[in-house]
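Take a look at the letters that make up each chain.
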Amino acid sequence: MSDWEALRNEFPLLDRYVYFNACSLGPLPLRGKAALAKYAQDWDEQGTPAWFTTWLPLLERYREKVGELLNAPAGSTAIAPSVSVALTTLASGLPLPPGRHTVLIGELDFPTIGHQFLSRPGLEVEFVPSEDGMTISPEAFAERIDSRTALVATTHLFYTTGYLQDVRAIADAAHAAGALCLIDGYQTCGCVPIDVAAMDCDAFTGGCLKWVSGGPGNAFLYVRPSLIPQVRPQGTGWFATRDPFSFTLRELTWADDARRLETGTWAVGCNYAGLAGLELVLEVGVANIQERLRDLTGRILERCDEAGVKTFTPRERSRRCGIVTLECDRPEEVEASLHAEGVIVDSRPGRVRLSPHWCVTEEELERGMDLVLQEVQSVSRS
Ligand SMILES: Cc1ncc(COP(=O)(O)O)c(C=O)c1O
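Thresholds, definitions, all that
Residue numbers here run from 1 along each chain, matching the order of that chain's written sequence. It should be noted that, the model being predicted, local features are given only for residues of pLDDT at least 70 and side-chain atom pairs only at 80 or more, the latter also being counted only at that level, while totals for whole chains, interfaces and linings use all residues. With hydrogens and water stripped out, all remaining heavy atoms of the structure feed into the side-chain values. For the purposes of this entry, the term helix denotes a DSSP run of H or I that reaches at least four residues, the term strand denotes a run of E that reaches at least two, and both are numbered from the N terminus. Each residue is placed in one exposure class: buried if its accessible area under a 1.4 Å probe, protein chains only, is under 20% of its type's maximum, exposed if it is over 50%, and partly exposed if it falls in between. Two residues form a contact once any of their heavy atoms are found within 4.5 Å. Disulfide: a pair of cysteine sulfur atoms within 2.5 Å of each other. Think of it this way: a Phe, Tyr or Trp ring, Trp meaning its six-membered ring, pairs with another when their centres are within 6.5 Å, and the plane angle makes it stacked under 30 degrees, edge-to-face over 60, tilted otherwise. Put simply, a charge is over a ring when the Lys NZ or the Arg CZ is close to the ring centre, within 6 Å, and near the line of the ring normal, within 35 degrees. The nonpolar core is taken to be a set of buried Ala, Val, Leu, Ile, Met, Phe, Trp, Tyr and Cys residues, with the residues joined through side-chain atoms within 4.5 Å. The split of the chain into domains comes from an automatic or database domain assignment. Note on terms: buried area is the combined drop in 1.4 Å-probe accessible area of two parts once they are placed together, counting the loss on both. Polar contact criterion, stated in full: a pair of N or O atoms within 3.5 Å, where within protein one must be able to donate a hydrogen and the other to accept it, and residues adjacent in sequence count only if both atoms are side-chain atoms. Residues are sorted three ways: Asp, Glu, Lys and Arg are charged, Ala, Val, Leu, Ile, Met, Phe, Trp, Tyr, Cys and Pro are nonpolar, and all the rest, Gly among them, are polar. Whether two strands pair comes down to DSSP finding at least two bridges between them. Here the axes come from fitting lines to C-alpha atoms, over the contacting stretch only for helices, and the angles between their N-to-C directions go from 0 to 180 degrees. Crossings are sorted by hand: turned counterclockwise from the far helix by less than a right angle, the near helix makes the crossing left-handed, and turned clockwise it makes it right-handed.

Engineer: What should I look at first to understand the overall build of the chain in this one?
Structural biologist: The number of helices and strands found in the chain is 13 helices and 12 strands. Reported as C-alpha extents along the three principal axes, the dimensions of the chain are approximately 65 × 60 × 35 Å. The 382 residues of the chain split such that 58% are buried. Of all intrachain contacts in the chain linking residues separated by at least 6 positions in sequence, the fraction that spans at least 24 positions is 70%.

Structure, rendered in structure tokens:
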């Protein structure tokens, strides 16, 4: 088991706030701060040679660590600046089964998933409804998958309810009907152990912004190795080619591995912090982080139940991880008042969202929840 108190020293922000918004932006660890300073130093000291001595090797290590996080084989992961960009590349590049034009998306999924496919001519998007507003069963996906379905695209864990989907069951249903399956794991990377082979998804995207504490600019994607040779993104760049430094203009020869999903020059400063976050989380152990978060969110649910505040998050331990959402009339007001009281939360339409960092102490959790419940109840009375 991890020494959460010792680890807490890595995150100075936690001394200033009760941090209940790790699923939006993970706090900067000391080693991430040092990595950003090192980026400036490498740039300043070396100039252009930094690309070859330091930056390209750092990007290679980043891809390897992403592979470790996802249990993905070498050459199957690529770097992207954001999950939206990763999804754009996948939406245009995945070899969808011919003659099929429907993409199925869960109605609780993050908007950018819908946007990728709504923006693509020739595709029809259908949304799988949620009966309880909190979950969508794999059976609900399975019932709607048919011979028109090209792709099922959904999130691993719903950002507004914290429900952890059984994505293996969804992938199995997609494959049984001849469709592909794409998973957005931005809300599980770093807090739920991921094994893309066991998940049996065809593509996966995620990033380090949230539970990995690696900051923005650190998204990534994975494609099933056997599909990579058929992936032909319609938006690309010279760093997706087999040999970028051949400066070939008149022909496009894709990289043989997942680098064919990358585009142009990377925002390498971001990747310094991303790599630091990845190394930290892998050292602590994603399974340990998951158990810790399930303890914390379990206690948040108990506190809400005791106070009679409605929540939208499953009680079942195995179906949740780091997010709990509470019903709230004026969530932006609550968010602002809590900020003034030293508690950072997030608001979504009709809800306050709580996602404690894994180093939040039990004492902070209780103190933070006293304030959260007080504010939520006071806006619903006024
Ligand atoms: C599940 C999920 N997918 C995608 C996104 C958007 O990612 P990006 O801003 O990197 O495109 C978010 C952002 O919170 C998210 O929670």
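Engineer: I keep staring at the state of the cysteines and nothing clicks. Help me out?
Structural biologist: Scanning the model with the defined rule gives 0 disulfides in all. Counting only cysteine sulfurs, C328 is the nearest neighbor of C304, a cysteine outside any disulfide, at a range of 11 Å. With a relative accessible area of 0%, C304 lands in the buried category.

Engineer: Sorry, what's going on with helix α5 (residues 83-93) here?
Structural biologist: Note: α-helices contain 3.6 residues per turn, so residues at a spacing of three or four share the same orientation. Most of α5 is tucked away: 8 of the 11 residues are buried. Taken together, the buried positions of α5 are occupied by V83, A86, L87, T89, L90, A91, S92 and G93. The secondary structure elements touched by the buried residues of α5 are β2 (77-80), α6 (111-118), β6 (180-184), β7 (203-207) and β8 (219-223).

Engineer: I would appreciate a short explanation of the environment of N9 in the present structure.
Structural biologist: Locating N9 in the fold gives a position in the loop between α1 (4-8) and α2 (13-16). Taking relative accessible area as the criterion, N9 reaches 59% and is therefore assigned exposed. The spacing of N9 and I136 is 127 residues in sequence and 38 Å in space, taken between C-alpha atoms.

Engineer: Where do I start with the packing of aromatic side chains in this structure?
Structural biologist: How two aromatic rings sit relative to each other is given by the distance of their centres and the angle of their planes. Summed over all chains, the structure comprises 16 aromatic pairs. One aromatic cluster in this structure is built from Y39, W43, W51, F52, W55, W238, F239, F245, F247, W266 and Y272. We note K210 situated over the ring of Y186; from NZ or CZ to the ring centre the distance is 4.8 Å. One residue, R351, lies across the ring of F312, its end atom 3.8 Å from the ring centre.

Engineer: Explain the nonpolar core to me, please; I cannot follow it from the model alone.
Structural biologist: A general feature of soluble globular proteins is that nonpolar side chains tend to end up buried together. Core analysis: the largest hydrophobic core is formed by 94 residues, its most contacted members being F20, L70, F204, L354, W358 and V372. Inspection of this core shows a minimum of three residues originating in each of domain 1 (4-23 + 287-381) and domain 2 (32-282). Other than its neighbours up to four places away in sequence, W358 contacts W4, L7, F11, W211, V281, V284, I289, R292, L293 and L296. Formed by 29 residues, the second largest nonpolar core is a distinct cluster that contains A78, L180, A203 and L227.

Engineer: Can you walk me through the domain arrangement of the chain in this structure?
Structural biologist: Interfaces are often sized by the amount of accessible area the parts lose when they come together. Each assigned domain of the chain is listed with its residue range as follows: domain 1 (4-23 + 287-381) and domain 2 (32-282). Taking only C-alpha atoms, the centre of domain 1 and the centre of domain 2 are 28 Å apart. Residue-level contacts link 26 residues of domain 1 with 22 residues of domain 2. Across the interface of domain 1 and domain 2, roughly 1,900 Å² is buried in total on both sides, 62% from carbon and sulfur atoms. When the area that domain 1 buries against domain 2 is broken down by residue, the three leading residues are C23, R319 and I323, summing to 26%. At the junction of domain 1 and domain 2, the tally comes to 7 residue pairs in polar contact (both at pLDDT 80 or more). A per-element tally of the side of domain 1 that touches domain 2 places helix α11 (residues 286-307) first, with 5 residues. Class assignment for the residues of the side of domain 1 that touches domain 2 results in 12 nonpolar, 7 polar and 7 charged.

Engineer: For this particular structure, what's the right way to read the sheet that holds β2?
Structural biologist: Strands pair in a sheet through their backbones, by hydrogen bonds, and they do so in one of two ways: parallel or antiparallel. Spatial strand order, β2-β8-β7-β6-β5-β3-β4: 7 strands in an open sheet with mixed pairing. A single partner strand is all that each edge strand has here, and the edge strands are β2 and β4 (124-128). With strand direction ignored, the average angle separating the axes of adjacent strands in the sheet is 20 degrees. Examined bridge by bridge, strand β3 (residues 102-106) and strand β5 (residues 149-155) share 4 bridges and lie parallel to one another. Directly across from I105, in β5, lies its bridge partner A153. Across the sheet, α6 is in contact with β3, β4, β5 and β6; its angle to β5 comes to roughly 155 degrees.

Engineer: I keep staring at the packing of α11 against helix α13 (residues 362-381) and nothing clicks. Help me out?
Structural biologist: How two helices pack is summed up by the angle between their axes together with the distance between the axes. Running from amino to carboxyl end, α11 crosses α13 at an angle of 35 degrees, the nearest separation of the two axes being 10 Å. As for how α11 packs across α13, the hand of that crossing is right-handed. On the side of α11, the interface is formed by R292, L296, R299, I300, R303, C304 and A307, while α13 contributes E362, L365, E366, M369, D370, L373 and Q377. Taken together, the residues of the contact of α11 with α13 sort by class into 7 nonpolar, 1 polar and 6 charged.

Engineer: How should I be thinking about unusual backbone geometry in this particular structure?
Structural biologist: Negative phi is the rule for most residues except glycine; trans is the rule for most peptide bonds. The phi dihedral of S213 is positive, around 60 degrees, even though this residue is not glycine. Topologically, S213 is positioned in the loop between β7 and β8. Look at F247: it is not a glycine, yet its phi comes out positive at around 50 degrees. Positionally, F247 belongs in the loop between β8 and α10 (268-284). Looking at F247, the relative accessible area reads 57%, which means it is exposed.

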